[in-house]
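Given next are the chains, with one letter for each unit.
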Amino acid sequence: MENGEFAERDGSEALSISRGVAEKKLVNPNIEAVLAAKRRRKEAGVDELFTGILDGNRVALAQGITLVESNLPEHQSKAQELIQKCLPHSGNSLRIGITGSPGAGKSSFIESFGSYLINEHKKKIAVLAIDPTSQRTKGSILGDKTRMNMLSANHDAFIRPSPSGASLGGVAQKTRESILLCEAAGYSIILIETVGVGQSETAVHGMADFFLLLMLAGAGDELQGIKRGIMEMCDGMAITKCDGENVAKAMSARSEYQGALHLFPATSYNWTPKVIATSSMTNEGLPEVWQMISDFENAVKQNGWFAQHRKEQQKNWMESRIQDSIISDFYNNPEIAKELPLLENAVLEGKESPFAAAEKLLKIYFKKLGGGQRGFLDDMSTM
């Protein structure tokens, strides 16, 4: 090699650098222009989104839900304006919460059941699938659409996976608002699929009209006491995967669960949950599940519970919103953000009790609000 230049690989040098592979042309030579145009694309306004949602435009609905899920302050104000516009057009659907342990076949059941309702009963189905958020990476796979191939391709279905975040029971914080947008878009059945983490499914139960519990036969836990909490909440139960060699086990589990449900106290709305054996492969039991849900809807509308329950939901949603806003405001306070790491370290090092540290932070927060000192410690002199 001379003059600092690299020699070409011709075998005369032990160390050399080859010319390398020639640069390939892009599949789309205009890709940069396309991406730049996409970045410059004007964000749809509230009125445009509202009109699109009322027209049943799935793209507008998806954009509206994205706006609702955003944590940016400028997006939140637009989201609340959009929700307010959609509110008079909401409330006309049947909201069905679907839960079950991992592996119970929730996604398969929803695809088969949703397709059945569309094909046999001409319903428009919206699926709000709550995807578990990793507590380590804070990320979500959001893969429910890939497990509902047929339903996601159906024009009368809308599937929206959302990250659960840190909310109770794996329920996305904005699921309630998403329900209202879906109803305004004309979807008559809203299916809310939960993560399926056990007894913390109370949050989904609080936003659904009918709560369906999916159970897998042969798991060896048919009558475990740990299931009591969630079994008391369910309005109906479906034993999944009742096909092939599993039919006998499914039918046996159905009888056992039905007997167990009869032991629970009567509900305030005079409904006794039923247990139905189902198969997502053969559609076995799907008509019976829909008949059970329809009977439930008719019964609770006649006795007045349905309307009262919806009013209670509205009240609870308001209270939940207040709590979420207060928590968000607390942690976004600059003084709290400054003191929080210091007090956390003091607690970890044993120099401060958790209660005293929390009280100090609350005093800072309430002082900012001008509301005087608040506290849950009886004796402030111990601090």
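Residues numbered from 1 in each chain as written. Predicted model: local features only at pLDDT ≥ 70, side-chain atom pairs only at ≥ 80, totals over all residues. Heavy atoms only, no water.

A. Here's a closer look at the confidence of the model for the protein chain. The pLDDT averaged across the protein chain works out to 81; a share of 74% of its residues lies at or above 70. Segment residues 1-9 is flagged for pLDDT under 50; beyond a separation of four residues in sequence, or across chains, it makes 13 contacts in the model. The model gives residues 372-383 a pLDDT under 50, and that stretch makes 20 contacts with residues more than four places away or in other chains. (pLDDT = per-residue confidence, 0-100. Contact = heavy atoms within 4.5 Å.)

B. A look at the packing of helix α13 (residues 334-348) against helix α14 (residues 354-369). The interhelical angle for the contact between α13 and α14, taken along N-to-C directions, is 170°, at an axis separation of 10 Å. Between α13 and α14, the angle is such that the two are roughly antiparallel. When α13 is examined against α14, the residues E335, I336, E339, L340, L343 and V347 are found in contact with a partner set consisting of P354, A357, K360, L361, I364 and Y365. Its residues placed into classes, the contact of α13 with α14 shows 9 nonpolar, no polar and 3 charged. (Axes fitted to C-alpha atoms, helices over the stretch in contact; angles between N-to-C directions. Helix = DSSP H or I, 4+ residues; strand = E, 2+ residues; numbered from the N terminus. Parallel < 35°, antiparallel > 145°, perpendicular 65-115°, else oblique. Nonpolar A, V, L, I, M, F, W, Y, C, P; charged D, E, K, R; others polar.)

C. Highlighting unusual backbone geometry. You will see that K122, though not glycine, has its phi angle at about 55°, which is positive. Take K122: it is sitting in the loop between α5 (106-121) and β2 (125-131). The phi torsion at N283 lies on the positive side, around 65°, for a residue other than glycine. When its relative accessible area of 39% is taken as the criterion, N283 is described as partly exposed. (Buried < 20%, exposed > 50% of the residue type's maximum accessible area, 1.4 Å probe, protein only.)

D. Representation of the pattern of salt bridges. Applying the stated criterion across every chain yields a total of 7 salt bridges. Measuring nitrogen to oxygen at the nearest pair gives 3.3 Å for the salt bridge that ties D47 to K85. With D47 in helix α2 (residues 46-54) and K85 in helix α4 (residues 73-86), this residue pair connects regions lying 38 residues apart in the sequence. Among the ionic pairs, R310 bridges to D209, the shortest N-O distance being 2.7 Å. One end of the pair, R310, is in helix α12 (residues 305-332); the other, D209, is in the loop between α8 (202-205) and β5 (210-216), with 101 residues separating them in the sequence. Side by side, R310 and D209 carry an identical accessibility label, which is buried. (Salt bridge = Lys/Arg side-chain N within 4 Å of Asp/Glu carboxyl O.)

E. Highlighting the nonpolar core. Ranked by size, the top nonpolar core spans 35 residues in total, and within it F113, V127 and L212 carry the most contacts. Secondary structure elements with two or more residues in this core: β1 (94-100), α5, β2, β3 (157-163), β4 (189-193), β5, α11 (286-302) and α12. Looking at this core element by element, the count peaks at 7 residues for α11. Once residues lying within four places of it in the same chain are set aside, the contact partners of L212 are G97, I98, T99, F109, G236, M237, A238, V289 and M292. Residues A44, I53, F158 and C182 belong to the second largest nonpolar core, which totals 28 residues. (Core = buried A, V, L, I, M, F, W, Y, C linked by side-chain atoms within 4.5 Å.)

F. Spatial organisation of the environment of A346. In this fold, A346 is placed in helix α13. Along the chain, A346 and A357 lie 11 residues apart, while their C-alpha atoms are 8.2 Å from each other. Aside from chain neighbours lying at most four places away, what touches A346 is K351 and E352.

G. Looking closely at the pairing of β4. Here β4 lies mainly inside the structure; 5 of its 5 residues are buried. By the alternation rule, side chains of β4 split into I189, L191 and E193 and I190 and I192, which are all buried. Across 5 bridges, the pairing between β1 and β4 is parallel. Across the sheet, R95 pairs through a bridge with I190, a residue of β4. (Pairing = 2+ DSSP bridges.)

H. Highlighting the pairing of β1. Within β1, 7 of the 7 residues are buried, leaving the element largely enclosed by the surrounding structure. On β1, burial covers both faces: L94, I96, I98 and G100 on one face and R95, G97 and T99 on the other are all buried.

I. Representation of the environment of R310. Accessibility expressed as a relative area gives 11% for R310, which makes it buried. On a C-alpha basis, the gap between R310 and M207 in space is 8.5 Å, while along the polypeptide they are 103 residues apart. If near-sequence neighbours (up to four positions away) are discounted, R310 is found in contact with G91, S93, R95, E183 and D209. A polar contact of 3.1 Å, which involves the side chain of R310, links it to the backbone oxygen of G91. (Polar contact = N/O pair within 3.5 Å; in protein donor to acceptor, adjacent residues only side chain to side chain.)

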